[in-house]
Amino acid sequence: MKLVTYLEHGMEKVGALTADETAVLPLPYADMNALIGTPVQQLSEKAAKADAVPLSAVQLCAPIPRPRQDVICLGINYKAHAEEAERYNADAFTKERPIPIYFSKRVTEAVGPDGFIESHPGLVQRLDYEAELALIIGKTARDVAPEEAGDYIFGYTVLNDVSARLLQTTHKQWYFGKSLDGFTPIGPCITTADEIAFPPKLAISASVNGELRQSSTTDLLITGIADIIAELSSGMTLLPGTIIATGTPSGVGMGFDPPKFLYPGDIVECTIEKIGTLRNTVR
Ligand code: MG
């Protein structure tokens, strides 16, 4: 089941896409955070009774427009990306890291499909993209064993971890350079976990103005999803609705020589198999 948040006549609603993905079946929840954790069977029964609204009559938003907490992110979690990051800035991105890098990203308002990535002229130089598989926690997770981690995942989405490279590396802590307004496109939908075998092995890619930049598969994570959930939940309660972005493959702008950063007017498309394409324009 593919779940979306959308605007209809200015009202924000949640629903499920029809099988042909041409219409949405409204679901009776205040927002996606209120829906998360509901068994898929229940959602299917409610969707079956709903009257379909054509997608052409609505505007898709990020599936979770206002996350309840900061997004938890993994840094340097694909081997080929570790190598390109170290080539770009060896002080900031040494790949000699046997343990995962966790950081967080403030998201006051997530950017939806076809929304705008803000370039922040005057503040930001070296604007970059990072296509990532993000998972959504579905039930309160504490002390979860790796072999049970899949049971705690409600679904998956595509997240573009937009990054201001100069701010990111100047401040040592990555928080500010990752958390600017308009830096977190999410979507186009949440695909529920029952539709994706665990652990997910999905094609992931990013293109800029139609040029393929990133292309990998999500089974190449250095720290896998089961270990991420087990380690974090060993000391930190993960609440339903928690978003964890699992890191980006190689092919980000700073990985090229010379680098290929983003500028106003550029169109970034991040795609993950079984979820969809998240398309955003830089302004
Ligand atoms: Mg990232």
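Residues numbered from 1 in each chain as written. Predicted model: local features only at pLDDT ≥ 70, side-chain atom pairs only at ≥ 80, totals over all residues. Heavy atoms only, no water.

### Let's talk about the pairing of strand β13 (residues 186-192)
Sheet faces and side chains relate simply in a regular strand, where the side chains alternate between the two faces. The element β13 is largely enclosed, with a buried count of seven among its seven residues. Two strands pair when backbone bridges link them, and strand β1 (residues 2-8) and β13 are joined in this way by two bridges, in the antiparallel orientation. Paired with L3 across the strands is I190, a residue of β13. Across four bridges, the pairing between strand β11 (residues 153-160) and β13 is antiparallel. The residue bridging Y156 from the neighbouring strand is T191, located in β13. (Buried < 20%, exposed > 50% of the residue type's maximum accessible area, 1.4 Å probe, protein only. Helix = DSSP H or I, 4+ residues; strand = E, 2+ residues; numbered from the N terminus. Pairing = 2+ DSSP bridges.)

### Side note on the side chain of T246
For T246, the location among the structural elements is in the loop between β16 (243-245) and β17 (267-272). Within the local environment of T246, its side chain forms a polar contact with the backbone oxygen of L133, the two atoms lying 2.7 Å apart. The contacts of T246, once residues within four sequence positions are left out, are L74, N77, E132, L133, L135, L221, I225 and I228. (Polar contact = N/O pair within 3.5 Å; in protein donor to acceptor, adjacent residues only side chain to side chain. Contact = heavy atoms within 4.5 Å.)

### Focus on the packing of aromatic side chains
Summed over all chains, the structure comprises three aromatic pairs. Summarising the aromatic geometry, the rings of F93 and W174 are spaced 5.7 Å apart at their centres and angled 55° between planes, so their arrangement reads as tilted. Of this pair, F93 sits in the loop between α3 (79-88) and β7 (101-105) while W174 sits in the loop between α4 (165-170) and α5 (175-178); the two residues are 81 residues apart in sequence, bridging distant segments of the chain. Comparing F93 with W174, the two get one shared label, buried. A centroid spacing of 5.0 Å and a plane angle of 65° characterise the contact between F103 and W174, whose relative ring orientation is edge-to-face. With F103 in strand β7 and W174 in the loop between α4 and α5, this residue pair connects regions lying 71 residues apart in the sequence. Judged by relative accessible area, F103 falls into the buried class, the value being 12%. (Phe/Tyr/Trp six-rings, centres within 6.5 Å; stacked < 30°, edge-to-face > 60°.)

### As for the coordination of the magnesium ion
Only E130 (OE), E132 (OE) and D161 (OD) from the protein coordinate the magnesium ion, and they sit 2.0 to 2.1 Å from it. Read in sequence order, the donor residues for the magnesium ion give the motif E-x1-E-x28-D. (Donors = N, O, S within 2.8 Å, 3.2 Å for Na, K, Ca; no water.)

### A word on the domain arrangement of the protein
One can read the domain layout of the protein as domain 1 (2-60) and domain 2 (71-282). For domain 1 versus domain 2, the separation of C-alpha centres amounts to 25 Å. On the domain 2 side, the residues contacting the twelve residues of domain 1 number 15 residues. Taken together, both faces of the contact between domain 1 and domain 2 bury some 980 Å²; the carbon and sulfur share is 69%. Three residues stand out in domain 1 for area buried against domain 2, namely K2, L3 and I36, and they jointly supply 53% of the buried area on that side. Applying the counting criterion to the domain 1 and domain 2 interface returns zero salt bridges. The tally of links from domain 1 across to domain 2 stands at two residue pairs in polar contact (both at pLDDT 80 or more). Among the elements of the structure, β1, α1 (32-35) and α2 (40-48) are those that each provide at least two residues to the side of domain 1 that touches domain 2. Its residues assigned to classes, the side of domain 1 that touches domain 2 shows eight nonpolar, three polar and one charged. (Domains from an automatic or database assignment. Buried area = accessible area lost by both parts, 1.4 Å probe. Salt bridge = Lys/Arg side-chain N within 4 Å of Asp/Glu carboxyl O. Nonpolar A, V, L, I, M, F, W, Y, C, P; charged D, E, K, R; others polar.)

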